[in-house]
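Listed here are the chains, written in short residue letters.
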Amino acid sequence: MVDYFKEVEIIQRSGDAETQEEVQLKVADEGEQEEAWLMEAGLATLFDESASDGEDSIALLSTLTRTQAAAVERRVETLKQTLRKRNKPYSVPDVREIFKPASQSKVRAHIRPRNGAGPGTPGGGADAETDINLEVSFSEQALTYKEGLKVTQPQNEDFRVSQDKTGQTRVGDLSAEDMKKVRRLVLIEMSALFDTCGIEVKAHKALKVRVRESGLFGVSLSTLLEQDQRRIPGTKVPLILQHLMSHIEEQGLDTEGVLRIPGAATRVKAVCHELEHKFYEGVFPWQSLKQHDAASLLKLFIRELPYPLLTVEYFSAFTSVLKLPTKKQQLQALNLLVLLLPEPNRDTLKALLEFFQRVTDHKDRNKMTLNNVAVVMAPNIFMCKGFRSKISEQQEFAMATGTANIVRLLVRYQNLLWTIPKFVLNQVRKHNMENQRKMHRDRAVKKLLKKMAYDRERASDKQEKNTEAEGGFIRVQAPQFSKVSMAVQLTEDLKASDVLTHFLSQERSPSVKREDLCLYEMGGNIKERCLDEETYITALLELNPSAEWVIKSVQH
């Protein structure tokens, strides 16, 4: 870990922007943490009867597994005890009223892989110890491991996502409405995973401080992206970070010790000042920027974020990941934590991890292995403002190995970490169906006659769709293109990629490119979902028989 502490020394010598106010951190008070957690999980109605999301909370609760339900129960009970100690009036329901005993068999049915899929089957769960099973709740898998029902440890670390005929779902594939549900469920699942393993994670909160409202360094990600989007709409990663990474890639991926060897401190400070004044004007002389200086500026950018890239709220959870008993559980926790990050943080982290991977791809020349990159970058990511002054030298030494290992996992398994687990997506589907049933019930009470006419119309439409599907075809819409609609023959082997190939063979516009297209599953129990090209349509139809199929162009 020599390079780690060399990097710490370089950071301390650089002084960074000492005039910037440090983020003041506070561990949430007893009861406060539980209240904030329930609000973030969309379950405020469990402690506040005036909350407006009562029906939606009931729909969400109906989708939970037993370990997830236990995580909710634990926080409700803690909150209730805290309020009782303070002699405060409260309206927190008895946990037994929240989760009535319809439990074990119902929960087990919910977590059992659907469509006959299971371990060892092509469309189902993992059949190898190095497969990450996305069909069964991670916390349920951890409970099985804890109970001693499955104790085999993998002999290697080549973990991969198990194959699924209904396709993998990545961040960005779902609508904003469904992603909001994903985030709520992932928060509950992440807490359930740590609870099941007996690991307590204390959430910090940041007290508001004055931060720079413009500029490049020491500016919040949200402010940076607002600035950048005024110049280039749709920007997801700060332009200054994009330029620094591109400059290093174009000029210095083969440079020995890139990221490890620092630039000259006085020169880096001068360049930083020059960038602040010339970057947005487009007159900064990039050709004169040395590679080690560019790498030092990249690390400075990460350190100087007023709030940590991994967020104040989840910082402790990230540092607690290695307390989980198996490497597989550690990756599952990182997967959940990545999904919990706000979009600007998640997109920026993704860009950085992809850049670090490209650096390690040139390790034969630049001498920067995965371990080297992880060791050098760990203090820049984890020694953020507000945390530096909170730990002793002894604690810092203990953190060194741990944080380097976390960065190593993030870089090595980044392709796994941006995947939305199928069990979470199935819970979103169930949640949507519960909300649809409620909507139909409300409509029935208010406008019974209109609903009857509506139902007849829907039944007619459904009959037409089913007749077409039963006849061996699906109807694919493409409203953005000249080929507006087409029928595709349905076979057991039909994949999303085959539908796109068929569409391109009939689309007359020469400007349409395969990489710009996606087949979407729309309606039924999902708002919309961009399909992985390896998705089998018949398998997905079993999961969502009311889905419609639409081809749309996508932005990369």
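Residues numbered from 1 in each chain as written. Predicted model: local features only at pLDDT ≥ 70, side-chain atom pairs only at ≥ 80, totals over all residues. Heavy atoms only, no water.

## Considerations on the overall build of the protein
Argument step 1. Scanning the protein for helices and strands turns up 23 helices and eleven strands.
Argument step 2. Burial statistics for the protein: of 556 residues in total, 51% are counted as buried.
Argument step 3. Partitioning the contacts of the protein with sequence separation of at least 6, the portion at a separation of at least 24 is 76%.
Argument step 4. Counting only carbon and sulfur atoms, one obtains 50% of the accessible surface of the protein, whose full area is about 26,900 Å². (Helix = DSSP H or I, 4+ residues; strand = E, 2+ residues; numbered from the N terminus. Buried < 20%, exposed > 50% of the residue type's maximum accessible area, 1.4 Å probe, protein only. Contact = heavy atoms within 4.5 Å. Areas by Shrake-Rupley, 256 points an atom, 1.4 Å probe, with all protein chains shown as cover.)

## Here we look at the pairing of strand E11 (residues 548-553)
Argument step 1. With two bridges connecting them, strand E7 (residues 473-477) and E11 associate as parallel partners. Note that in E11 the partner of Val476 across the bridge is Trp549.
Argument step 2. Relative to E11, strand E9 (residues 517-523) is paired through six bridges, and the arrangement is antiparallel. Paired with Cys518 across the strands is Lys552, a residue of E11. (Pairing = 2+ DSSP bridges.)

## So, the packing of aromatic side chains
Argument step 1. A full pass over the atoms with the stated rule returns nine aromatic pairs.
Argument step 2. A ring pair is formed by Phe138 and Phe423, whose centres lie 5.1 Å apart and whose planes are at 75°; its orientation type is edge-to-face. You can see Phe138 sitting in helix H7 (residues 138-146) and its partner Phe423 sitting in helix H20 (residues 422-446), a full 285 residues away along the chain.
Argument step 3. The exposure class of Phe138 is buried, given its relative accessible area of 0%.
Argument step 4. The interplanar angle of 70° and the centroid separation of 6.0 Å between the aromatic rings of Phe159 and Tyr413 together place this pair among those described as edge-to-face. One end of the pair, Phe159, is in the loop between H7 and strand E3 (160-161); the other, Tyr413, is in the loop between helix H18 (393-412) and helix H19 (414-417), and 254 residues separate them in sequence. (Phe/Tyr/Trp six-rings, centres within 6.5 Å; stacked < 30°, edge-to-face > 60°.)

## Considerations on the confidence of the model for the protein
If pLDDT is low for a region, its predicted coordinates should not be looked at in detail.
Argument step 1. Scored by pLDDT, the protein comes out at a mean of 84, with 79% of its residues at no less than 70.
Argument step 2. Under a pLDDT of 50 for its full length, residues 101-127 has, in the predicted model, 50 contacts with residues more than four places off or in other chains. (pLDDT = per-residue confidence, 0-100.)

## Thoughts on the packing of helix H10 (residues 239-252) against helix H12 (residues 291-303)
Argument step 1. Contact geometry for H10 and H12: axes closest at 10 Å, N-to-C directions at 150°. Overall, the two elements H10 and H12 adopt an arrangement that is roughly antiparallel. Pair H10 / H12 crosses with left-handed handedness. Of the residues in H12, those touching H10 at Ile240, Leu241, Leu244, Met245, His247, Ile248, Gln251 and Gly252 are Gln291, Ala294, Ala295, Leu297, Leu298 and Phe301.
Argument step 2. Here the contact of H10 with H12 is built from residues that sort into ten nonpolar, four polar and no charged. (Axes fitted to C-alpha atoms, helices over the stretch in contact; angles between N-to-C directions. Parallel < 35°, antiparallel > 145°, perpendicular 65-115°, else oblique. Left-handed = near helix turned anticlockwise from the far one by under 90°. Nonpolar A, V, L, I, M, F, W, Y, C, P; charged D, E, K, R; others polar.)

## Here's the deal with the sheet that holds strand E8 (residues 485-489)
Argument step 1. A sheet is described by the order of its strands in space; here five strands give the open sequence E8-E7-E11-E9-E10, paired in mixed fashion. Strands with a single pairing partner mark the edges of an open sheet, and in this sheet they are E8 and strand E10 (526-530). Sheet twist, expressed as the mean angle between neighbouring strand axes with direction ignored, is 30°.

## Brief notes about the pattern of salt bridges
Argument step 1. Under the counting rule described, the total for this entry stands at 26 salt bridges.
Argument step 2. Salt-bridge contacts for Arg437 lead to Glu434; the nearest nitrogen and oxygen are separated by 2.8 Å. Here Glu434 and Arg437 lie together in helix H20, a separation of three residues that amounts to about one turn.
Argument step 3. The network of salt bridges with common partners includes Glu177, Asp178, Lys181 and Lys527. (Salt bridge = Lys/Arg side-chain N within 4 Å of Asp/Glu carboxyl O.)

## Some details on unusual backbone geometry
Argument step 1. Positive phi outside glycine occurs at Leu259, with the angle close to 80°.
Argument step 2. With respect to the element layout, Leu259 can be found in the loop between H10 and helix H11 (265-278).

## What to know about the state of the cysteines
Argument step 1. Scanning the model with the defined rule gives one disulfide in all.
Argument step 2. The disulfide partner of Cys518 is Cys530, and the gap between their sulfur atoms is 1.9 Å. In this structure, the disulfide formed by Cys518 and Cys530 twists by about 120° around the S-S bond and is classed as right-handed. Taken together, the residues span a long stretch of sequence, with Cys518 in strand E9 and Cys530 in strand E10 at a distance of twelve residues.
Argument step 3. Accessibility expressed as a relative area gives 3% for Cys518, which makes it buried. (Disulfide = S-S within 2.5 Å.)

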